[in-house]
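So the chains spell out like this:
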Amino acid sequence: KKDGSYKNSGVLNLSELEIEIRHTFIDYLKGGLDINLVCAVDFTASNGEPQLVNSLHHVRSAEDPNRFNEYQKALQAVGEILLYYDTDKLVPMYGFGARLNGSVQHCFALNGDNNAPEVYQLDGKKDGLLGEPLLLTWENL
C-alpha cells in the first residue's frame, strides 16, 4: 500500500511444479507431421439414387461446368489442403453401403482393388480410376 502499512501477505512454497505445453496442429505440422489422408464415401440409399439430380452421388456429363456432386466438391476442397502434407500423395479410397453384385458391401475399394485401394492425388489419373477429377458413381463400381 502507498501509505506504508503494507504487511507481507504470506509465502507460497511449491514442492513440485509441472508446466504442460499444449501443442497446436500447426506446431505438429512445423515439426514435420506427415498426414496420410484416407477417404470413405457413403453409398447408402439415404443419399438418393445417383440418377436423380438432387442425389449426393449424381454426376452430370463431362461438358457440364457444374457436374461435380457434393462428395466430389468436399473431397477436392479437403484434399487440396491435406494432400500438401501427405508425402506420397496416395489416398486409399473406400466406399460403403453400396449394392455390388447383388449384395450390400460394407467396405470396398473405389478403384476395385482391395489390395491397393490408393488413388494418386484424388484425381485417379495414375490409376485410371474414374477420370479427372475422381468421379464417384454406382455405375462405375
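Description of the structure in this document. Quick caveat: nothing in here was measured; it's all calculated off a predicted structure.

### Focus on the side chain of D86
Relative to the elements of secondary structure, D86 occurs in the loop between α2 (70-82) and β2 (90-96). One buried charged side chain, D86, makes no salt bridge at all; its nearest oppositely charged neighbour is K89, positioned 6.0 Å away. Here the side chain of D86 touches D88 through a polar contact of 3.3 Å, landing on its backbone nitrogen. Leaving out residues up to four positions away in the same chain, D86 has contacts with D34, I35, N36 and L37.

### Re the pattern of salt bridges
Summed over all chains, the structure comprises 1 salt bridge. Here E20 makes a salt bridge to R22, at a shortest N to O gap of 3.3 Å. The same class applies to E20 and to R22, which are both exposed.

What counts and how
Every chain is numbered on its own, with residues counted from 1 as its sequence reads. Side-chain atom pairs in this predicted model are given and counted only at pLDDT of 80 or more, local residue features only at pLDDT of at least 70, and totals for whole chains, interfaces and linings cover all residues. The side-chain numbers reported here are obtained from all heavy atoms of the structure, hydrogens and water having been left aside. Secondary structure elements are taken from DSSP: a helix is a run of H or I of four residues or more, a strand is a run of E of two residues or more, and numbering for both begins at the N terminus. The buried label applies to any residue whose accessible area, calculated with a 1.4 Å probe on protein chains only, is under 20% of its type's maximum; exposed applies above 50%, and partly exposed to all values in between. A residue counts as positive if it is Lys or Arg and as negative if it is Asp or Glu; His and the chain ends are not included. Any Lys or Arg side-chain nitrogen found within 4 Å of a carboxyl oxygen on Asp or Glu counts as a salt bridge. Counting of polar contacts relies on pairs of N or O atoms within 3.5 Å, with two restrictions inside protein: one atom must be capable of donating a hydrogen and the other of accepting it, and residues adjacent in sequence are counted only when both atoms are side-chain atoms. Residue contacts are defined here by distance: any two heavy atoms, one from each residue, within 4.5 Å place the two residues in contact.

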